[in-house]
Amino acid sequence: SAAITADFLAKEVDFFSIGTNDLCQYTLAVDRMNEKITHLYDPFNPAVLRLISFVIEQGEKHNIHVGMCGEMAGDPLATLLLMGMGLKDFSMSPASMPAVKEININNSKEKANGIWERVKGMDDSGEIRAYLSEP
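Throughout what follows, the structure given in this document is the object of discussion. Since the structure is predicted, the reported quantities are computational estimates derived from the model, not experimental observations.

Quick word on the overall build of the protein chain
Link 1 in the chain: Check the secondary structure of the protein chain and you find seven helices and three strands.
Link 2 in the chain: Listing each helix as α and each strand as β along the protein chain from the N terminus yields α-β-α-α-β-α-β-α-α-α.
Link 3 in the chain: The C-alpha radius of gyration of the protein chain comes to 14 Å, within 12% of the 14 Å expected for a compact globule of 135 residues.
Link 4 in the chain: Considering the protein chain as a whole, with its 135 residues, one finds that 42% of them fall into the buried category.
Link 5 in the chain: Counting only contacts in the protein chain whose residues sit at least 6 apart along the sequence, the fraction spanning at least 24 positions is 61%.
Link 6 in the chain: Looking at the protein chain as shown, the accessible area adds up to about 7,900 Å², and 53% of this sits on carbon and sulfur atoms.

Rendered as structure tokens:
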């Protein structure tokens, strides 16, 4: 509910921290620890991506800091997509840092913006993952 009302909350808070693990779990109504349905847990689901983008947009609009933690923040497949959304602060495990740093250093903001422009029109997480996996 906080992500959906980020435009209202931005007037009252100093920062946003997007916790992708819980955001995915609650948005998709999937318990990621339940082996019977864990395959439905997908941070590249368009609904999750739209919520992330909305929170980042509202942070920018209201000039407040937006950071991200959770598995998605350290996922190299998501790095350019999140940068294209405008995310600047990624919190991740030390093991994820080298790959994410390399992606950040070797790509432009313009490329990241183009990736988000393309992905935001996609309605299937499989299609999104396939596109992001292209060399």
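Description of the pattern of salt bridges
Link 1 in the chain: Enumeration according to the criterion identifies three salt bridges in this entry.
Link 2 in the chain: Lys120 is paired through a salt bridge with Glu117; the nearest N and O atoms lie 3.0 Å apart.

What about empty space enclosed by the protein?
Link 1 in the chain: One pass over the structure, following the stated rule, counts one cavity of 30 Å³ or more.
Link 2 in the chain: Estimates place the volume of the largest cavity at around 40 Å³.
Link 3 in the chain: In terms of lining, the largest cavity is formed by Pro46, Leu49, Arg50, Trp116, Val119, Lys120, Met122 and Ile128.
Link 4 in the chain: For the lining of the largest cavity, the secondary-structure elements that each account for two or more residues are helix 3 (46-61) and helix 6 (109-119).
Link 5 in the chain: It is helix 3 that contributes the most residues to the lining of the largest cavity, three residues altogether.
Link 6 in the chain: Grouping the constituent residues of the lining of the largest cavity by class yields six nonpolar, no polar and two charged.

What to know about the sheet that holds strand 2 (residues 65-69)
Link 1 in the chain: A sheet is described by the order of its strands in space; here three strands give the open sequence 1-2-3, paired in parallel fashion. The sheet terminates laterally at strand 1 (15-19) and strand 3 (89-90), the two strands that pair on one side only.
Link 2 in the chain: Taken together, the two bridges between strand 2 and strand 3 define a ladder with parallel strand orientation. Residue Met68 lies in a different strand from strand 3, and its bridge partner there is Phe90.
Link 3 in the chain: Contacts from helix 3 reach strand 1 and strand 2, with the element oriented near 165° to strand 1.

Considering helix 7 (residues 125-133)
Link 1 in the chain: Along helix 7, the positions that sit buried rather than exposed are Ser125, Ile128, Tyr131 and Leu132. Along the axis of helix 7, the buried positions cluster into a sector of 125°, meaning they face one direction only.
Link 2 in the chain: Summarising the contacts, the buried residues of helix 7 are in contact with helix 3, helix 4 (76-85) and helix 6.
Link 3 in the chain: For helix 7, the N-terminal capping position is held by Asp124, with its side-chain oxygen 3.0 Å away from the main-chain nitrogen of Gly126.

Calculation notes
Residues numbered from 1 in each chain as written. Predicted model: local features only at pLDDT ≥ 70, side-chain atom pairs only at ≥ 80, totals over all residues. Heavy atoms only, no water. Helix = DSSP H or I, 4+ residues; strand = E, 2+ residues; numbered from the N terminus. Rg over C-alpha atoms; globule rule 2.2 N^0.38 Å. Buried < 20%, exposed > 50% of the residue type's maximum accessible area, 1.4 Å probe, protein only. Contact = heavy atoms within 4.5 Å. Areas by Shrake-Rupley, 256 points an atom, 1.4 Å probe, with all protein chains shown as cover. Salt bridge = Lys/Arg side-chain N within 4 Å of Asp/Glu carboxyl O. 1 Å grid on protein atoms, 1.4 Å probe; cavity = no way out; pocket = protein on both sides within 12 Å on 5 of 7 lines; lining within 4 Å. Points joined across faces, edges and corners; volume = space filled by probe spheres on them. Nonpolar A, V, L, I, M, F, W, Y, C, P; charged D, E, K, R; others polar. Pairing = 2+ DSSP bridges. Axes fitted to C-alpha atoms, helices over the stretch in contact; angles between N-to-C directions. Arc of directions from axis to C-beta. Polar contact = N/O pair within 3.5 Å; in protein donor to acceptor, adjacent residues only side chain to side chain.

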